[in-house]
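Inside the fold
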Amino acid sequence: MTKKAERTTAYIIETVAPIFNKFGYVGTSMSDLTEATGLTKGAIYGNFENKEALALSAFEYNQKQLLAAIDEKLNVDGTALDKLFSLMHFYKQYDVFSLPMGGCPILNVGVDAQSNNNLLSAAVKETIKEIEGKIALVLENGVNKNEIHLPVPPLQFAKQLFTMVQGAIAMSTMTRDRKYLINTITYLEHLVNREIKK
């Protein structure tokens, strides 16, 4: 692939990622994509096999941004609790973070693709597992270093924590009220302090 072709591909993905995320796989039309990119249908499909391949690349683009942000928050110096609080602080501002993406890619694509795109649906499930795994690793390391105690196995705790976070994201998205997000994360911080702090 030439440098120009690579740049065009990257430009297309970057431009259409928020559109697919906001309107969904079925809800995004070819004219939405040509209008946003300023390219012809032929120019877009000269870089991608089909709409599904483009939608998957768009999700992966948003997913990489999200995973990089989560890694950054979980890799702060300090104890397992410091890392968890760093992550929860990130999620308190998550609506602001995900706004340029067209909203939460896990929520939007996960719900949208459920019934109409197995490939995208599988990609979302893998992303959820990856995030839960990252949280579980922090918890496991915290237990091993005797920084925290867990009432359940690390992965189970990570899954519950992430379920509450994603539920808060869903509620704040549907109601357009960020209090759902802030109040739930504040409660989670309290829960973490009470349940697992040594």
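Everything below is about the structure shown above.
The residue numbering used here restarts from 1 in each chain and proceeds along that chain's sequence as written. The predicted nature of this model means local features are confined to residues of pLDDT at least 70 and side-chain atom pairs, given and counted, to a pLDDT of 80 or more, with totals for whole chains, interfaces and linings taken over all residues. Hydrogens are left out, water is left out, and the side-chain values use all remaining heavy atoms of the structure.

**What about unusual backbone geometry?**
Glycine aside, a negative phi is what most residues show, and trans is what most peptide bonds show. Formally: Strands here are runs of E lasting at least two residues and helices are runs of H or I lasting at least four, both read from the DSSP assignment and numbered beginning at the N terminus. Relative accessibility thresholds used throughout: buried, under 20% of the residue-type maximum; exposed, over 50%; partly exposed, between the two (1.4 Å probe, protein chains only).
A positive phi angle, close to 65°, is found at Asn146, a residue other than glycine. Mapped onto the fold, Asn146 is located in the loop between α8 (118–144) and α9 (154–175). Within the chain, Arg176 stands out as a residue other than glycine whose phi angle is a positive 55°. Taking the relative accessible area as the measure of exposure, Arg176 reaches 79% and is therefore exposed.

**Concerning the nonpolar core**
Quick reminder of the rule: Here, nonpolar core refers to any group of buried Ala, Val, Leu, Ile, Met, Phe, Trp, Tyr and Cys residues whose side-chain atoms link them within 4.5 Å. Every residue pair with non-hydrogen atoms within 4.5 Å of one another is taken to be in contact.
Counting 59 residues, the largest nonpolar core has Leu66, Tyr91, Ile135, Leu139 and Ile196 as the members making the most contacts within it. If you list the elements that add at least two residues to this core, you get α1 (3–23), α2 (30–37), α4 (51–74), α5 (80–92), α7 (105–113), α8, α9 and α10 (179–195). Counting residues per element, this core draws most heavily on α4, at ten residues. In contact with Ile135, not counting residues within four places along its chain, are Leu74, Leu84, Leu87, Ala158, Leu161 and Phe162.

**Here's the deal with the packing of aromatic side chains**
Short version of the rule: In this scheme Phe, Tyr and Trp rings, the latter by its six-membered ring, pair at centre separations within 6.5 Å, and the angle between planes marks the pair as stacked below 30 degrees, edge-to-face above 60, and tilted otherwise. Comment: the charge-over-ring label is applied if NZ (Lys) or CZ (Arg) is within 6 Å of the ring centre and within 35 degrees of the ring normal.
With the rule as written, the count across this model stands at six aromatic pairs. Residues Phe90 and Tyr94 carry aromatic rings whose centres are separated by 5.9 Å and whose planes lie at 80° to one another, so their mutual orientation is edge-to-face. For the pair shown, Phe90 and Tyr94 are each scored as buried. Taking relative accessible area as the criterion, Phe90 reaches 7% and is therefore assigned buried. Taken together, the aromatic side chains of Phe90, Tyr91, Tyr94, Phe97 and Phe162 make up a single cluster linked through ring pairs. Across the ring face of Tyr25, the terminal group of Lys51 is positioned such that the distance to the ring centre comes to 4.9 Å.

**Describing the environment of Lys125**
Secondary-structure assignment places Lys125 in helix α8. Sequence separation of Lys125 and Gly110 is 15 residues, and the distance between their C-alpha atoms is 7.7 Å.

**Some details on the pattern of salt bridges**
Think of it this way: side chains of opposite charge can pair up when their charged atoms draw near. To be explicit about the condition: By definition here, a salt bridge exists when the distance from a side-chain nitrogen of Lys or Arg to a carboxyl oxygen of Asp or Glu is within 4 Å.
Evaluation of the coordinates by the stated rule reveals nine salt bridges. Across the salt bridge formed by Glu126 and Lys129, the nearest N and O atoms sit 3.9 Å from each other. With Glu126 and Lys129 both in helix α8 and three residues apart, the pair spans about one turn of that helix. We classify Glu126 as partly exposed; its relative accessible area is 48%. Where Lys179 meets Asp177, a salt bridge forms, and the shortest distance between an N and an O atom there is 3.9 Å. Connected through salt bridges with shared partners, the residues Asp71, Glu130 and Lys134 form a single ionic network.

By themselves these figures say nothing about function.
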